[in-house]
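Structure at a glance
Okay, here's what each chain looks like letter by letter:
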Amino acid sequence: MQPLKIFNIKRAISKVKYTSESRLIVIDEDNTVRIFNLNNLKLDGGFKIKLPKNRVFANNVDISKNGEYLIFTVPKTNKAILWQTNTRKPSANLGWHKGEIESVAFDEQNKYVATGGTDGRAYIWNVKTGKMVGALAPHADYVTAIGFSKNGYWCATGSYDKTISITNISSMKFAYKMRVHSTMVTKIKFLNHFKMLSGDKEGNLIVSDYSKGKVIKRVPKLPDIALDFTFSMDEKYMFAATKNKNIYLYDMEKYELITDKFINVTSTITSIDFVPEMMYLIIGTVDGILYIYDLLADEKQLEKYIQDKQYAEAYNLVDENPLLKDTVFYSKLEKIWEDILVKAQTLLEQGQKDIVNRILKPFMSIPSKRMFIQNLLKDFSEFDKFKILVTKKKYPLAYSLANNYPSFKETKYYKHMENEWKKSFKMARQLIFDKSKEDYVKQLLMPFRGVSEKTALMQSLFNEKEIYLLLKQKLSKKDFKGFFELINRFPFLVDLDEYKEALDFGKKLLKATNNYIKNGNYAKVLQYANVLENFPMYKKDAKEFFHKANSLVNFMSYIANKQYDKVYEYVKKEPFLEEIEDFKNLEDEWQKKVSIAEEYSSKGDVTHIIETSKELYEDKRKTS
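Everything quoted here is computed from the prediction, not taken from an experiment.

Rules used throughout
Residues numbered from 1 in each chain as written. Predicted model: local features only at pLDDT ≥ 70, side-chain atom pairs only at ≥ 80, totals over all residues. Heavy atoms only, no water. Helix = DSSP H or I, 4+ residues; strand = E, 2+ residues; numbered from the N terminus. Rg over C-alpha atoms; globule rule 2.2 N^0.38 Å. Buried < 20%, exposed > 50% of the residue type's maximum accessible area, 1.4 Å probe, protein only. Areas by Shrake-Rupley, 256 points an atom, 1.4 Å probe, with all protein chains shown as cover. Lys, Arg positive; Asp, Glu negative; His and termini not counted. Charge placed at Lys NZ, Arg CZ, Asp CG, Glu CD. pLDDT = per-residue confidence, 0-100. Contact = heavy atoms within 4.5 Å. Core = buried A, V, L, I, M, F, W, Y, C linked by side-chain atoms within 4.5 Å. Salt bridge = Lys/Arg side-chain N within 4 Å of Asp/Glu carboxyl O. Arc of directions from axis to C-beta. Pairing = 2+ DSSP bridges. Axes fitted to C-alpha atoms, helices over the stretch in contact; angles between N-to-C directions.

**Overview of the overall build of the protein**
For the protein, the count of helices and strands is 18 helices and 28 strands. For 624 residues, the compact-globule formula gives about 25 Å, and the C-alpha radius of gyration of the protein, at 32 Å, lies well above that figure. Principal axes of the C-alpha set define a box for the protein whose edges measure 100 × 65 × 40 Å. Out of the 624 residues in the protein, the part that is buried amounts to 52%. As displayed, the protein offers around 30800 Å² of accessible surface, 49% of which is attributable to carbon and sulfur atoms. Computed over 100 positive and 81 negative side-chain charges, the separation of the two mean positions in the protein equals 2 Å.

Structural data, given as structure tokens:
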């Protein structure tokens, strides 16, 4: 993949950050700030801050999400300086540590900044006032990495002592200390759905549930120190950098490494960021080169390959850039393959193998398709035999052959055979209770005698015919407990349409219950969970729904009675409540009042401080 644009800054790049309004801010080791316009890919301004050089491979500079504030540590002091981008002037000196400040990070709301020091301490500061608002749990060694959750309720600090401390800063109470790394923690990034990714000096990458302090998955490690990582907008992909010159691409849904050479540059990568609106990947390097990659630049080439019917080249391009799988052109490419495959199978059914070879030839050089094609052609060498067996209604032999050659199951002959079975069995179920029709039923099913997949169903139809009637009754009455008990006793019933109908109902119910959880409708959650409890595959989900519904009942009761201290204690215990609208509204109100109090405090306005503090105390919205 070729870069869209390259800038030579000539100084090692410490931080790259996409902010807003198509702005990219870049800080180099000399603390020179450059602002680029991503619309025209040109330098749009900048300034230099007179401070000693920062350390490129450390987290000692950061840029707020909106780009309005910058923070720089001051080497050999216990201070960090907040800088306003627009005024190009410092706004506050942050200094409380007993030693140098080792790491810094802004929150996602542009409200707070955290500092971590060589003294093992970490503090949170109000960005506007420059005043400290809280201290985080201490570490036994340097605080080397800091991250904030996307909703701003949580902060994590990583240390040279190999631990990660996670604090719920909504209540400023320590939550968890995780000991999951075997060496210094170098980077922490929060994701959606209570996930957090941390990396260390040996390249280990660990996904955790930060609300519970538990490891979810250890992702395939990097070969060296985890320097930086960023994510696509939907968090499906992760881009990671270590001390070599490659960008590693991960599938974060499967937690797998897709490729270790997604992008290769000329020197060690120091900082990366993703621009969701433009699908750009920004890369800064130790030799001062800034790369801007358009991750979908290959999209036009993919379109051209498809238009020119160069399918092998199209699939090779997708292998090189897996992100193309999310484009409409890849969907179009796959649709072409599927249509040609259907056409090839139809032609093979007609015995026109020469035409099949011709239309499949463009795909023969594609490894993932070649094996499939070879198996398809091999299967169809026996197809004439299969076709004769189906035509002569020698179904036992036909089914046996289809099991040996799976491609036959996609042909019209196999589908015809299955339709004949379904029609015959459905009619047999209707007539079996009429004793005078029993011989007719036997004759109806005779062609399928000896088909191993159908034997149990046919035997039970004669020996325990009431089973089918009972199964249908239980489904119509939505008696899923009895329905699945029957399935458990007679496993062959899973081949019936009733079983598939029940599964479809369960899937819809599960989806609806999840939606009611998000909306805070605990009554519906309880109602649906009572039904889901009877589905063996959803028992665990139902148990979780009951737990969440009961939690919602208590939560809503506390809010209704204005027991805000209990609200926050309960949310700490049940973090999923952070996503409930009632809590978000409550937290917004609280944060507004806290911000007002912090501003009065910064100005020394004692009268208003007392008034606001009294109001906050009366609210009782925070636990002490």
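Let's pick the thread back up.
**Let's talk about the confidence of the model for the protein**
A residue-level look at the protein finds 95% of positions with pLDDT of 70 or above and a mean pLDDT of 90. Within the model, the stretch residues 613-617 combines pLDDT values under 50 with six contacts to residues more than four positions away or in other chains. This stretch, residues 620-624, has a pLDDT under 50; its non-local contacts, to residues over four places away or in other chains, come to 19 contacts.

**Brief notes about the nonpolar core**
If you look at the biggest cluster of nonpolar residues, it comprises 113 residues, and the most contacted ones within it are Phe-386, Leu-493 and Val-567. Ranked by residues supplied to this core, first place goes to helix 3 (residues 328-349) with 10 residues. Beyond its immediate sequence surroundings of up to four residues, Val-567 is in contact with Phe-555, Tyr-558, Ile-559, Phe-583 and Leu-586. Judged by nonpolar contacts, the second largest core, of 18 residues, contains Tyr-237, Leu-249, Ile-263 and Leu-281.

**A closer look at the environment of Val-26**
Tracing the chain through its elements places Val-26 in strand 3 (residues 23-28). A sequence separation of 36 residues divides Val-26 from Asp-62, and the C-alpha atoms of the two residues are 10.0 Å apart.

**Quick notes on the pattern of salt bridges**
Per the stated rule, a full pass over the model turns up 20 salt bridges. A salt bridge links Asp-228 to Lys-187; the nearest nitrogen and oxygen atoms lie 4.0 Å apart. Taken together, the residues span a long stretch of sequence, with Asp-228 in strand 22 (residues 228-231) and Lys-187 in strand 18 (residues 185-190) at a distance of 41 residues. The exposure class assigned to Asp-228 is buried, which follows from its relative accessible area of 2%. By sharing partners, the salt bridges in this structure join Arg-11, Asp-30 and Lys-53 into a single network.

**Observations regarding helix 12 (residues 480-489)**
Turning to helix 12, its buried residues number three or more, namely Phe-480, Gly-482, Phe-483, Phe-484, Leu-486 and Ile-487. Buried positions along helix 12 lie against helix 11 (466-476), helix 13 (497-519) and helix 14 (522-532).

**Notes on helix 6 (residues 383-391)**
The complete set of buried residues in helix 6 reads Phe-383, Phe-386, Leu-389 and Val-390. Seen from one end, helix 6 has its buried residues packed into an arc of 120 degrees, which puts them on one side. Next to the buried residues of helix 6 lie helix 3, helix 5 (367-379), helix 7 (395-404) and helix 8 (412-431). The first or second residue beyond helix 6 is Lys-393, which carries a positive phi of 60 degrees.

**Let's talk about the sheet that holds strand 25 (residues 256-264)**
Taken together, four strands build an open sheet; the order of strands is 22-23-24-25 and the sheet is antiparallel. Of all the strands in the sheet, the pair left with one neighbour each is strand 22 and strand 25. Mean inter-strand twist for the sheet, computed between neighbouring axes without regard to direction, equals 25 degrees. Summarising the sheet, strand 24 (residues 246-251) and strand 25 pair through five bridges and their orientation is antiparallel. Its bridge partner lying in strand 25, Tyr-250 is registered against Leu-257.

**Points about the side chain of Lys-465**
For Lys-465, the position within the fold is in the loop between helix 10 (452-463) and helix 11. Nearest to the buried, unbridged Lys-465 among oppositely charged side chains is Glu-438, at 4.5 Å. Contacts of Lys-465, omitting those with residues within four sequence positions, involve Ile-432, Phe-433, Glu-438 and Ser-460.

**Considering the sheet that holds strand 4 (residues 32-37)**
Pairing within the open sheet is antiparallel, and its four strands lie in the order 2-3-4-5. The sheet terminates laterally at strand 2 (13-18) and strand 5 (42-48), the two strands that pair on one side only. In this sheet, neighbouring strand axes are inclined to one another by 20 degrees on average, regardless of whether the strands run parallel or antiparallel. In this sheet, strand 4 lies alongside strand 3 in antiparallel orientation, the contact comprising five bridges. Paired with Ile-25 across the strands is Ile-35, a residue of strand 4.

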